[in-house]
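Chain and residue survey
So you can see what is in the structure, the chains are spelled out below.
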Amino acid sequence: MNVFELDRQYVAPTYARFPIQIVKGKGSLVWDHQGKQYIDLGSGIAVNSLGLADNGWIQAVTAQLGAVQHTSNLYYTEPCAELAQQLCLRTGMKKVFFSNSGAEANECAIKAARKYACEKKGPDAYTIVTLNDSFHGRTLTTLAATGQSAFHQHFLPLTPGFVSCEPTAEDLRKTVAQQKTAAILFEIVRGEGGVLPLEAEFVEAMVALAREQDILLIADEVQCGNGRSGKLYSYMHYGFTPDIVTTAKGLGGGLPIGATMLGEKAEHVFTPGLNGSTFGGNPAVCAGAQYVLGQIDETLLSQVQEKADYVFQTLQGCKGIQSVTGLGLMIGVKPVKPAKQVVQACMDRGVLVLTAKDRVRLLPALNIPFPLLRQAVEILKEVCTEESV
Ligand SMILES: *Cc1c(COP(=O)(O)O)cnc(C)c1O
């Protein structure tokens, strides 16, 4: 059996895969089993921040693999401690809990917020308010947090204590008033929901309301964090600091990691035994993440912004494109044609792009060379502009 047949026979069919097998990659180029080359504008859904097979990242991970690839969380390791330090120094957060995925990072944030609120306001202050069209993960609790009922079907009952609202000051105020609220959980740019950045006005109202009622603000930066928006974390565009920041995807540069960063208010909620993870803080993964974080400096961030400006300017107002949304190199393009058709046509012409609802979603590696980006965006533009056959 070939890979396609094997996969179809033995892998649980939870994904609608494209009929290509990726066999190698370098930077922002990948090759399939037939030797066809693609420019990668998806980077493994915002995971390969530095592209594929980045030399520095490989060096950082393999050096640690050769020393200690894993120890339990009963002992100390340097990469884990140093990564936590770097994250705190660059965000103003105080403590970090490491896990393996975005969903787990959010689970930890929810636990932290509930414990904080229980101690401050009593045991009935457990509700977490989230936003419509959000995405926070696939576990039963993070599904409950996800404000898209399509994801909930078949799995009821979900964890209680979640309500979602529209990202408007009015709806948020109304929703928060309906029960004792522990936290508001939000993506600065809703990724799966359509690449939709929050309005500055809404964020301002949300922050004011949260401060007034001691409601924790949890920024889910799983997708929009780690340099993708043009700043290290996307809340930094809005002039406030959340109480808890969660991240995953791009932080590891290709290996699984989740991080829940706790600010001043939540810094002391956890004591030994209250949360844990066998693999969380794995030294090889953390060594790679330290390298990734080190690369996301002012120079790289300004290049991200420049590249983003180029993409927006090139695609906005084009024939065949209704709108372009996003922040930094997290971009949603709404074509006149069905997004799926655009993805397929791009793939045929050697460009890998993603979708988010009715949009084509671009999440290139942060260090994608400008000429490759230009070439890929021209192809996308052509595909969107051409009359369909
Ligand atoms: C992908 C994603 C998650 C879930 O991350 P996993 O690593 O798949 O568990 C959570 N929140 C956001 C915003 C995401 O984009």
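The structure presented is a predicted model; accordingly, all values stated were derived computationally and were not measured.

A few points about the pattern of salt bridges
One pass over the full model with this rule turns up 15 salt bridges. A salt bridge links Lys-115 to Glu-119, with the shortest nitrogen-to-oxygen separation between them at 2.8 Å. Placement of both Lys-115 and Glu-119 in helix H5 (residues 102-121) is noted, with a separation of 4 residues, approximately one turn of the helix. Overall, the relative accessible area of 26% leaves Lys-115 in the partly exposed class. What you see here is one network of salt bridges that share partners, running through Lys-120, Asp-214 and Lys-265.

Here's the deal with the environment of Thr-247
With respect to the helices and strands, the residue Thr-247 is situated in strand S11 (residues 244-247). Look at Thr-247 and you get buried, because its relative accessible area is 0%. Sequence separation of Thr-247 and Gln-148 is 99 residues, and the distance between their C-alpha atoms is 20 Å. Setting aside chain neighbours within four positions, we find Thr-247 in contact with Ala-105, Glu-221, Val-222, Asn-226, Tyr-233, Ile-257, Gly-258, Ala-259 and Met-261. At 2.8 Å, the side chain of Thr-247 and the backbone oxygen of Glu-221 are in polar contact.

Quick notes on the domain arrangement of the chain
Here the domain parsing of the chain yields domain 1 (3-53 + 298-385) and domain 2 (68-295). On a C-alpha basis, the centroid separation for the pair domain 1 and domain 2 is 26 Å. Of the residues lining the interface, 27 residues belong to domain 1; the matching set on domain 2 comes to 30 residues. For the pair domain 1 and domain 2, the summed buried area comes to about 2200 Å², and 62% of that belongs to carbon and sulfur atoms. By the criterion of area lost to domain 2, the three top residues of domain 1 are Leu-327, Met-330 and Lys-357, representing 29% of everything that side buries.

What counts, and where the lines are drawn
- Residues numbered from 1 in each chain as written.
- Predicted model: local features only at pLDDT ≥ 70, side-chain atom pairs only at ≥ 80, totals over all residues.
- Heavy atoms only, no water.
- Salt bridge = Lys/Arg side-chain N within 4 Å of Asp/Glu carboxyl O.
- Helix = DSSP H or I, 4+ residues; strand = E, 2+ residues; numbered from the N terminus.
- Buried < 20%, exposed > 50% of the residue type's maximum accessible area, 1.4 Å probe, protein only.
- Contact = heavy atoms within 4.5 Å.
- Polar contact = N/O pair within 3.5 Å; in protein donor to acceptor, adjacent residues only side chain to side chain.
- Domains from an automatic or database assignment.
- Buried area = accessible area lost by both parts, 1.4 Å probe.

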